[in-house]
Amino acid sequence: MDYAAIRHDGLARIAAAPDLASVEQLRIALLGKHGSISALLKTLGAMTPEQRQGEGPQIHGLREAVTVALAERKAALEEAALDARLAAETVDLTLPAPETPRGTVHPVSQVMDELAEIFADMGFAVATGPEIEDDWHNFTALNMPETHPARAMHDTFYFPDQGPHGGQMLLRTHTSPVQIRTMLSQGAPLRIIAPGRVYRSDSDATHTPMFHQIEGLVIDKGIHLGHLKWTLETFLRAFFERDDIVLRLRPSYFPFTEPSVEVDTGYAMEGGRRVVGGSGDDPGHGWMELLGSGMVNPHVLRAGGLDSDEWQGFAFGVGVDRLAMLKYGMNDLRAFFDGDVRWLAHYGFSALDVPTLSAGVGAPAA
Ligand code: PHE
């Protein structure tokens, strides 16, 4: 057997292999289970000891040389492929840099995210409802039957269309209908907040026809006003990031809560604007109204399909735009909805300012 010729031929074919696939084909043809060199190795068994002493080292040497040549060719081809890729993927540093992103997160969106973060930490889920609402969910189920005088206070935008439970379709005047929708769809117990747009036909420096509220609703057994007060205090301390928030609870009236409580907070004037903190009775301080709340009226629990002897709850509703103005120091609500890019650049937030409890829910405006 002319091992030298076989070796010469094998090494030449390996050296000429144009790509990795051909190298692999050669490996199988030479060293594979049915490969030609493997076949030579098998002939050793049938040889006499003398023959084996002479040919054995030659066959093993052949296999060794081919194995090394295959590995070297493979490495060389891989390196060439990498070089080609590196040459093709160069970055052209003379291209102009992309324009700096200019959009900002609107303070209302930022505050809603802050509120969701704070309440999520207290075990509240976020619920939603439609902005085009029917009369029953917006009024009747909230203990405001058709003749109820409180309806007149809502300056409602009506549609000509009839709603499913009688009465006209309308733009919801508050987020409270989400209370009813969530009770009906999820039952009790419940711990939700419902942020969203609401509409009233009203417009001046502190009122816009569309504004934002966040509703809170807790339903469970043995819920009382103390739970409401603790929840509001904890939320407001986290939101304004100060411990000296003092609340004053005043008896009030909402058809859907009984008793109803209006919540004021102490503030001081600093640099021409209201800054929340301290008791309103402290020197230089005053009280301002912040939100409406109360214990859920049993009529409302029943409209939500719950047994009012078994379940109690509290609810609150607060203006998100107002919270944003107080926290970030804007004084004209109308500017919120003008879409003026200078205002947005000044009061907006970087998309990277994601509110988290650990990093702070109140990152300063960019
Ligand atoms: N829905 C009331 C409003 O818009 C606020 C409120 C919500 C009051 C829940 C009590 C309980 O004025």
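Every value quoted in this text rests on a predicted model; they were computed, and no experiment measured them.

Draft legend 1. Main features of the packing of aromatic side chains. Inspection of the entire model under this criterion finds 11 aromatic pairs. An angle of 65° between the planes, with centres 5.0 Å apart, marks the rings of Phe119 and Phe124 as edge-to-face. Neither Phe119 nor Phe124 differs from the other in exposure class; each is buried. Summarising the aromatic geometry, the rings of Phe336 and Phe337 are spaced 6.0 Å apart at their centres and angled 55° between planes, so their arrangement reads as tilted. Members of the aromatic cluster, each reached through a chain of ring pairs, are Phe119, Phe124, Phe235, Phe239, Phe240 and Phe316. The ring of Trp311 is capped by Lys221, whose NZ or CZ atom sits 4.9 Å from the centre of that ring.

Draft legend 2. Region of interest: the domain arrangement of the chain. The domain boundaries assigned to the chain delineate domain 1 (3–88) and domain 2 (107–347). Between the C-alpha centres of domain 1 and domain 2 the distance comes to 80 Å.

Draft legend 3. The arrangement of the site of the ligand in detail. Around the ligand there are 14 residues in total, and His174, Ser176, Arg200, Gln213 and Glu215 lie nearest to it. Take Arg200: an N or O atom from its side chain is 2.9 Å from an oxygen atom of the ligand. Between an oxygen atom of the ligand and a side-chain N or O atom of Gln213, the distance comes to 3.0 Å. Out of a free accessible area of 330 Å², the ligand has 90% covered by protein chains. Sorting the residues of the shell around the ligand by element identifies strand S6 (210–220), strand S10 (285–296) and strand S11 (312–319) as the ones contributing at least two each.

Draft legend 4. Summary view of the packing of helix H1 (residues 3–16) against helix H4 (residues 49–88). Between H1 and H4, the shortest axis-to-axis distance is 10 Å and the interhelical angle comes to 5°. As summarised for this structure, H1 and H4 are arranged roughly parallel, according to the angle between their axes. Residues Tyr3, Ile6, Arg7, Leu11, Ile14 and Ala15 of H1 form the contact with H4, whose participating residues are Glu55, Gln58, Ile59, Gly61, Leu62, Ala65, Val66, Ala69, Leu70 and Arg73. Here the contact of H1 with H4 is composed, by residue class, of 11 nonpolar, 2 polar and 3 charged.

So, how was this worked out
- Residues numbered from 1 in each chain as written.
- Predicted model: local features only at pLDDT ≥ 70, side-chain atom pairs only at ≥ 80, totals over all residues.
- Heavy atoms only, no water.
- Phe/Tyr/Trp six-rings, centres within 6.5 Å; stacked < 30°, edge-to-face > 60°.
- Buried < 20%, exposed > 50% of the residue type's maximum accessible area, 1.4 Å probe, protein only.
- Lys NZ or Arg CZ within 6 Å of the ring centre and 35° of its normal.
- Domains from an automatic or database assignment.
- Near = heavy atom within 4 Å.
- Polar contact = N/O pair within 3.5 Å; in protein donor to acceptor, adjacent residues only side chain to side chain.
- Areas by Shrake-Rupley, 256 points an atom, 1.4 Å probe, with all protein chains shown as cover.
- Helix = DSSP H or I, 4+ residues; strand = E, 2+ residues; numbered from the N terminus.
- Axes fitted to C-alpha atoms, helices over the stretch in contact; angles between N-to-C directions.
- Parallel < 35°, antiparallel > 145°, perpendicular 65-115°, else oblique.
- Contact = heavy atoms within 4.5 Å.
- Nonpolar A, V, L, I, M, F, W, Y, C, P; charged D, E, K, R; others polar.

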